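Inside the fold
Letter by letter, the chains look like this.
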Amino acid sequence: MARRKKMDRKGSDRLVGIVGLGYVGLPLAREFCKGGARVLGFDINADTVTAINKGISPIKHIPNKTMAEMVHSARFHATDDMSQLSKPDAILICVPTPLTRNREPDLKYVESTCRAISQHLRKGQLVVLESTTYPGTTREVVLPMLEQSGLKVERDFFLAYSPEREDPGNREFRTATIPKVIGGCGRQSLAKALEVYGYAIETLVPVDSCEVAEASKILENTYRCINIALVNELKMLFDRMGIDVWEVIRAASTKPFGFTPFYPGPGLGGHCIPIDPFYLTWKARQYGLPTRFIELAGQINTRMPEYVVHRTADALNQKEKSLKESKILVLGLAYKPDIDDVRESPSLELIELLRAKGANVEYNDPYIPQTHKQRQHDLRMKSKKLSSTMLAGYDVVLIATNHSDYDYDWIVKHARLVVDTRNATANVRAGRSKIVKA
Ligand SMILES: NC(=O)c1ccc[n+]([C@@H]2O[C@H](COP(=O)([O-])OP(=O)(O)OC[C@H]3O[C@@H](n4cnc5c(N)ncnc54)[C@H](O)[C@@H]3O)[C@@H](O)[C@H]2O)c1
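Residues numbered from 1 in each chain as written. Predicted model: local features only at pLDDT ≥ 70, side-chain atom pairs only at ≥ 80, totals over all residues. Heavy atoms only, no water.

Moving on to empty space enclosed by the protein. Going through the model one piece at a time under the given rule, you end up with one cavity of 30 Å³ or more. If you go around the largest cavity, the residues you meet are Pro163, Glu164, Arg165, Thr175, Ile178, Pro179, Lys180 and Ile201. Its residues assigned to classes, the lining of the largest cavity comprises four nonpolar, one polar and three charged. (1 Å grid on protein atoms, 1.4 Å probe; cavity = no way out; pocket = protein on both sides within 12 Å on 5 of 7 lines; lining within 4 Å. Points joined across faces, edges and corners; volume = space filled by probe spheres on them. Nonpolar A, V, L, I, M, F, W, Y, C, P; charged D, E, K, R; others polar.)

By nearness alone, 27 residues border the ligand, and Tyr23, Val24, Asp43, Thr97 and Arg343 come closest of all. Between the ligand and Val95 there is a distance of 3.5 Å, counted from an oxygen atom to a backbone nitrogen or oxygen. In the complex, the protein chains occlude 90% of the 830 Å² of accessible area that the ligand would expose alone. Looking at side-chain class alone, the shell around the ligand contains 13 nonpolar, nine polar and five charged residues. (Near = heavy atom within 4 Å. Polar contact = N/O pair within 3.5 Å; in protein donor to acceptor, adjacent residues only side chain to side chain. Areas by Shrake-Rupley, 256 points an atom, 1.4 Å probe, with all protein chains shown as cover.)

Any aromatic ring pair is given by two values, namely how distant the centres are and how the planes are angled relative to each other. Applying the stated rule across the entire model yields five aromatic pairs. Note on Tyr134 and Trp282: the rings are 5.0 Å apart at their centroids and 45° apart in plane angle, and the pair reads as tilted. Note that Tyr134 is positioned in the loop between β6 (126–129) and α5 (137–147) and Trp282 in helix α9 (residues 276–286), a separation of 148 residues in sequence. A relative accessible area of 5% means that Tyr134 is categorised as buried. Trp282 sits in the partly exposed class, given a relative accessible area of 22%. (Phe/Tyr/Trp six-rings, centres within 6.5 Å; stacked < 30°, edge-to-face > 60°. Helix = DSSP H or I, 4+ residues; strand = E, 2+ residues; numbered from the N terminus. Buried < 20%, exposed > 50% of the residue type's maximum accessible area, 1.4 Å probe, protein only.)

Let's shift gears to the pattern of salt bridges. All chains considered together, the criterion is met by 25 salt bridges. Notably, a salt bridge pairs Asp244 with Lys437, separated by 2.5 Å at the nearest N-O pair. Highlighted residues: Asp244 in the loop between α7 (210–240) and α8 (245–252) and Lys437 in strand β14 (residues 435–437), separated in sequence by 193 residues. Assessed through its relative accessible area of 25%, Asp244 is described here as partly exposed. Residue Lys437 is classed as partly exposed on the basis of its relative accessible area, which comes to 21%. The network of salt bridges with shared partners includes Arg30, Glu31, Lys34 and Arg174. (Salt bridge = Lys/Arg side-chain N within 4 Å of Asp/Glu carboxyl O.)

On their own, these measurements won't tell you what the molecule is for.
Put into structure tokens, the structure is as follows:
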């Protein structure tokens, strides 16, 4: 049974290595520096390493000022030289875990990291996998690769799994205040991992094994994926019934117990929710069990961009216009508000679908000046600057991401027709007849 344990935050001159300096690795590095540890960050992207060492942050929610302070404090340094992996007391792995084209786990980044660690592993080191993955990865994939070094787990080195729960853009919680689940490959590994994370994280949640820790992360993300699919399906049904799903959720949320609100949208985005449940689906096949809930949720969520395109076509039809040759401005490319991350964003799929129907599509996103090649999309677009005249020039302004920087009164005032997939215009009073929820 998992015990909850509050650790004292005590400074330490320990050297912590963090492999993968992205959305997860950098906030973690910041917390270790704050906790008094020294951090050696590893990344295979030499440009990222150079920028970081100059105090330039590659992600929006770590400002350049913070990055520069970390570097100048001499508590943090980044490198792409993997031979230095022998230096840290602990190595935390925060590399991507995407899906292959066939929607199967792609562990190539985890594996290449383990190969590099294995070549430099020394006695006494702790290695922790943080990347989201299926239950069994740490023991079945990571452990054998590390033991190729000739060293033995629990005797010579220590191995644990601790899922990252980073939530970029969350103003209530930051890395240090989000309780951290930790499972070890043995008792000593767990004890070592608890000691190390105690320097940076306020509340630690030790669990019985790596597998419990791995499964807990997948449960959290699957829970979100399925509940979002439920409200997405209800959105389509309630819309046909003439009922506003956001009003329904607002009403249901007044129940003080037994109900957690989830909100519909144009589809699922981000590196986690659309991907992680399929890691479990893949693993479940080895046990001869289908994960029907996950498959169904995936089908519903991936259909949402199509639904939005249908609603947009209907809204144009009401104005005796067709989608073909219409001018559409997509507002928001990021997969959720106030962040600069477009991975798996439904906005990308929406743009592709609208283009396939012959629409002329442009976008604005204050945090994403231009698109870069993604797993499935390569749009090659640049963000358009907003102005009242440019808004009025589009047949449809399609709100795909509800960034809080947008002035929705002003947008509705100047747009001819607004398709709102996020209920972002809920508080707009004037011009409501121009708004279609989708
Ligand atoms: N982004 C989130 O909000 C979030 C939240 C919870 C969990 N996670 C999980 O955390 C993990 C990391 O995600 P992320 O969003 O930080 O990814 P990211 O793409 O932002 O960063 C990963 C970094 O790892 C580097 N990298 C890749 N292979 C490497 C290697 N072999 N050696 C060294 N560096 C390497 C990349 O260059 C990149 O800079 C994933 O498993 C993800 O599912 C992410």
